[in-house]
Amino acid sequence: MHVIVLNGGSSSGKSSLARALQELLPEPWLHLGADTMVAALPPWLLAGGEGIGGLDDGDGTVEVGPVFAALDAAWTVGVAAMARAGARIVVDEVFLGGAASQQRWRSALEGLDVLWVGVRCAPEVAAAREAARGDRVAGMAAAQASAVHEGVAYDLVVDTSQASVDDCAEAILARATAPR
């Protein structure tokens with residue numbers, strides 16, 4: 001296994017799952033994702049327009065501009081290159097474009113052994129987590145809870161509102177380490 005892709009909405013538990021997997025997996029795995037990419041952006045791209053908007057204000061809807069989209073595409077290819085160079089990677093992603101986002105990742109990761117994991121969470125649970133975090137715009141978790149899964153195919157689906165992070169991580173580990 002080269003890559004585990006965790007796709008889910010904001011506050012669904014992806015980052016917690018990725019950290020738990022890093023503790024459980026027998027080799028070192030890097031945790032890279034949407035938050036890593038956004039944190040690397042220059043601040044002027046976080047104000048919408050050509051960059052990405054809705055992360056700091058608004059109704060929870062995230063808007064992606066052309067400059068962000070181009071950088072995100074380059075990021076995806078770069079993560080795949082790292083995996084091809086031998087790094088094992090847990091990707092913590094939000095497929096804002098649903099099936100189109102997955103297809104972009106599928107193309108970049110072609111030829112690699114990838115486990116596709118849907119990270120579901122009841123919208124009300126994700127919204128409560130979002131409020132408790134205090135670093136997300138209200139409404140983002142509820143808006144993304146099902147939208148990011150539309151048209152996306154998975155090898156495994158976990159629900160962090162029905163099972164603990166540890167139980168979900170164990171299920172992912174079992175699938176990732178099972179003979180293929």
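A.B. asks: Just to check I follow, could you spell out the overall build of the protein chain for this structure?
C.D. replies: When its secondary structure is counted, the protein chain shows 7 helices and 7 strands. From first element to last, N terminus to C terminus, the protein chain shows the α and β order β-α-β-α-β-β-α-β-α-β-α-α-β-α. Across the protein chain, contacts joining residues at least 24 apart in sequence account for 75% of those joining residues at least 6 apart. Carbon and sulfur atoms make up 55% of the accessible area of the protein chain, which amounts to about 8400 Å² in all.

A.B. asks: Sorry, what's going on with unusual backbone geometry here?
C.D. replies: Trans is the common state for peptide bonds, and a negative phi is the common state for residues other than glycine. Phi is positive for Ser11, which is not a glycine, with a value near 65°. Topologically, Ser11 is positioned in the loop between β1 (3-7) and α1 (14-24). Classification of Ser11 as buried rests on a relative accessible area of 6%.

A.B. asks: Can you walk me through the packing of aromatic side chains in this structure?
C.D. replies: The geometry of an aromatic ring pair is captured by the separation of the ring centres together with the interplanar angle, meaning the angle of the planes. Overall, the coordinates contain 0 aromatic pairs when judged by the stated rule. It is Arg106 that lies over the ring of Trp116; its NZ or CZ is 4.7 Å from the centre.

A.B. asks: Which parts of the structure should I look at to understand the packing of helix α3 (residues 66-84) against helix α4 (residues 99-108)?
C.D. replies: Between two packed helices, what matters for the description is the angle formed by their axes and the separation of those axes. Put simply, α3 and α4 touch, their axes get as near as 9 Å, and they point 40° apart. The handedness of the crossing between α3 and α4 is right-handed. Between α3 and α4, the contacting residues are Asp72, Ala73, Trp75, Thr76, Val77, Val79, Ala80 and Arg84 on the first element and Arg104, Trp105 and Ala108 on the second. Grouping the amino acids of the contact of α3 with α4 by side-chain chemistry returns 7 nonpolar, 1 polar and 3 charged.

A.B. asks: Even after reading the chapter, I still don't get the nonpolar core, so can you show me in this structure?
C.D. replies: Most often, soluble globular proteins keep nonpolar side chains buried together rather than apart. Counting 19 residues, the largest nonpolar core has Ile4, Leu6, Leu17, Val117, Val158 and Ile172 as its most contacted members. Elements that contribute at least two residues to this core include exactly β1, α1, β6 (114-120), β7 (156-159) and α7 (165-177). With 5 residues, the top contributor of residues to this core is α7. If near-sequence neighbours (up to four positions away) are discounted, Val158 is found in contact with Leu17, Val117, Gly118, Val119, Arg120, Cys168, Ala171 and Ile172. With 17 residues, the next largest nonpolar core counts Val5, Leu32, Ile89 and Trp116 among its residues.

A.B. asks: Would you mind going over α7 with me for this structure?
C.D. replies: Counted at 1.5 Å a residue, the expected span for α7 with its 13 residues is 18 Å, and the 18 Å between its end C-alpha atoms agrees. For α7, the full list of buried residues reads Cys168, Ala169, Ile172, Leu173 and Ala176. End-on view of α7: buried residues confined to an arc of 140°, all on one side of the axis.

A.B. asks: Honestly, the pairing of strand β5 (residues 88-93) in this entry has me stumped. Any pointers?
C.D. replies: Consecutive side chains of a regular strand alternate in pointing toward one face of the sheet and then the other. Counting buried residues in β5 gives 5 out of 6 residues, a clear majority hidden from the surface. As defined by bridge partners, β1 adjoins β5 across 5 bridges and the pair is classed as parallel. Bridge pairing in β5 places Ile4 opposite Val90. Examined bridge by bridge, strand β2 (residues 29-33) and β5 share 5 bridges and lie parallel to one another. Residue His31 lies in a different strand from β5, and its bridge partner there is Val90.

A.B. asks: Explanation requested: the environment of Trp29 in the structure shown.
C.D. replies: Looking at where Trp29 falls in the secondary structure, it is placed in strand β2. For Trp29, a relative accessible area of 6% puts it in the buried group. Each C-alpha atom, one on Trp29 and one on Val90, is 6.5 Å from the other, the two residues being 61 residues apart in sequence. If we skip the residues at most four places from it in the chain, Trp29 touches Met1, His2, Val3, Ile4, Gln22, Arg88, Ile89 and Val90.

What counts and how
- Residues numbered from 1 in each chain as written.
- Predicted model: local features only at pLDDT ≥ 70, side-chain atom pairs only at ≥ 80, totals over all residues.
- Heavy atoms only, no water.
- Helix = DSSP H or I, 4+ residues; strand = E, 2+ residues; numbered from the N terminus.
- Contact = heavy atoms within 4.5 Å.
- Areas by Shrake-Rupley, 256 points an atom, 1.4 Å probe, with all protein chains shown as cover.
- Buried < 20%, exposed > 50% of the residue type's maximum accessible area, 1.4 Å probe, protein only.
- Phe/Tyr/Trp six-rings, centres within 6.5 Å; stacked < 30°, edge-to-face > 60°.
- Lys NZ or Arg CZ within 6 Å of the ring centre and 35° of its normal.
- Axes fitted to C-alpha atoms, helices over the stretch in contact; angles between N-to-C directions.
- Left-handed = near helix turned anticlockwise from the far one by under 90°.
- Nonpolar A, V, L, I, M, F, W, Y, C, P; charged D, E, K, R; others polar.
- Core = buried A, V, L, I, M, F, W, Y, C linked by side-chain atoms within 4.5 Å.
- Expected span 1.5 Å × (residues − 1).
- Arc of directions from axis to C-beta.
- Pairing = 2+ DSSP bridges.

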